[in-house]
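# Survey of secondary and tertiary structure
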Amino acid sequence: QPFPLPTSRDLLNTLKVYKTIDSKYITREMYMSESIWLDEEEDIERGQKIKQVFYEIFKDKSNDQLDYLEMLFSLCASPDSNAGLLNAFTVAMETHITSMEEECEVTIQALYQVLTHGSHNEVIFNELVKLYTDIGGDQVTFLPLKTICQYKQLVDMLDRCNYYHLPDVRVLFDSPVPPVTPNMDATT
């Protein structure tokens, strides 16, 4: 593993640390000074280097500041896509979510953040508003996660959401690739 994958608790704790700053963006100095799961690495120097790399990857190039929510949503990915979705719900709802069967209340905005990886997509937002209304009526602003997971259209949307599945690239190296032999009979 090139870097330690954060647990949902790590993501939630990091979110809480950065939310106290009360800004969408944080400076390099703020980011480096706050303790996150990478600072708990046995090799402290390695943890600091990984932390610096994350800053470079996720910083906004126009203002050299970090959009910590974008970083956290990206780091929700897991080899188990269900675990990745749970991580994303944890970040979006700012509470530890352990199962898709939980009765916790999911706002339209939280589900929208999960489905769009924190970006903006008006089509998806309008579709969610319509689905929430179809399920719960005109005044509904949240649905239990358990209900969301029982509604086919919402389940399909979650299934299509592949942001949180970290592919195992080792399988590419495990299977033998047949050698390519040139076709000597072909004319050019």
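Refer to the structure above for everything that follows.
Not measured: the values here are computed from a predicted model.

### A closer look at the packing of aromatic side chains
Taken as a whole, this structure holds seven aromatic pairs when the rule is applied. Relative to Phe-125, the ring of Tyr-112 lies with its centre 5.2 Å away and its plane at 80°, an arrangement referred to as edge-to-face. One end of the pair, Tyr-112, is in helix α6 (residues 108–116); the other, Phe-125, is in helix α7 (residues 122–136), and 13 residues separate them in sequence. Positioned over the ring face of Tyr-31 is Lys-51, at 5.6 Å from the centre of the ring.

### Points about the environment of Ser-35
The residue Ser-35 is located in the loop between α2 (28–33) and α3 (44–58) in this model. Along the chain, Ser-35 and Asn-13 lie 22 residues apart, while their C-alpha atoms are 9.6 Å from each other. Aside from chain neighbours lying at most four places away, what touches Ser-35 is Val-17 and Lys-51.

### Here's the deal with the nonpolar core
Among the nonpolar cores identified, the biggest contains 48 residues, and Tyr-31, Phe-54, Phe-89, Val-106, Leu-111 and Leu-158 are the most heavily contacted of them. Residue assignment for this core shows that the elements contributing at least two residues are α1 (8–19), α3, α4 (68–74), α5 (81–93), α6, α7, α8 (145–148) and α9 (152–160). Residue contributions to this core peak at seven residues, all from α5. With residues up to four places along the chain from it excluded, the contact list for Tyr-31 reads Tyr-18, Ile-26, Ile-36, Lys-51, Phe-54, Tyr-55, Leu-66 and Met-71.

### Here's the deal with the sheet that holds strand β1 (residues 25–26)
Read across the sheet, three strands follow the order β1-β3-β2 without closing on themselves; strand pairing throughout is antiparallel. Sheet topology places β1 and β2 (59–60) at the edges, where each strand pairs with a single neighbour. As judged from the two bridges shared by β1 and strand β3 (residues 65–67), these two strands associate in the antiparallel manner. Among the inter-strand pairings, Tyr-25 is bridged to a residue of β3, identified as Asp-67.

### Some points on the pattern of salt bridges
Under the definition given, this model contains twelve salt bridges. Across the pair Glu-94 and Lys-19 runs a salt bridge, and its minimum N-O distance is 3.1 Å. Taken together, the positions of Glu-94 in the loop between α5 and β4 (105–107) and Lys-19 in helix α1 put the pair 75 residues apart, joining distant regions of the chain. Here Glu-94 falls in the partly exposed class, since its relative accessible area comes to 41%. Between Lys-49 and Glu-45 there is a salt bridge whose closest N-O contact spans 3.2 Å. In this pair, Lys-49 and Glu-45 are both assigned in helix α3, four residues apart and thus about one turn of the helix distant. Exposure remark for Lys-49: the relative accessible area of 48% places this residue in the partly exposed category. Relative accessible area serves as the criterion here: at 53%, Glu-45 is assigned to the exposed category. Where salt bridges share partners, they join Arg-28, Glu-56, Lys-59 and Asp-64 into one cluster.

### Some remarks on the side chain of His-117
Checked against the element boundaries, His-117 lands in the loop between α6 and α7. There is a polar contact of 3.4 Å between the side chain of His-117 and the backbone nitrogen of Ser-74.

What counts and what doesn't
Residues numbered from 1 in each chain as written. Predicted model: local features only at pLDDT ≥ 70, side-chain atom pairs only at ≥ 80, totals over all residues. Heavy atoms only, no water. Phe/Tyr/Trp six-rings, centres within 6.5 Å; stacked < 30°, edge-to-face > 60°. Helix = DSSP H or I, 4+ residues; strand = E, 2+ residues; numbered from the N terminus. Lys NZ or Arg CZ within 6 Å of the ring centre and 35° of its normal. Contact = heavy atoms within 4.5 Å. Core = buried A, V, L, I, M, F, W, Y, C linked by side-chain atoms within 4.5 Å. Buried < 20%, exposed > 50% of the residue type's maximum accessible area, 1.4 Å probe, protein only. Pairing = 2+ DSSP bridges. Salt bridge = Lys/Arg side-chain N within 4 Å of Asp/Glu carboxyl O. Polar contact = N/O pair within 3.5 Å; in protein donor to acceptor, adjacent residues only side chain to side chain.

By themselves, these figures tell us nothing about what the structure is for.
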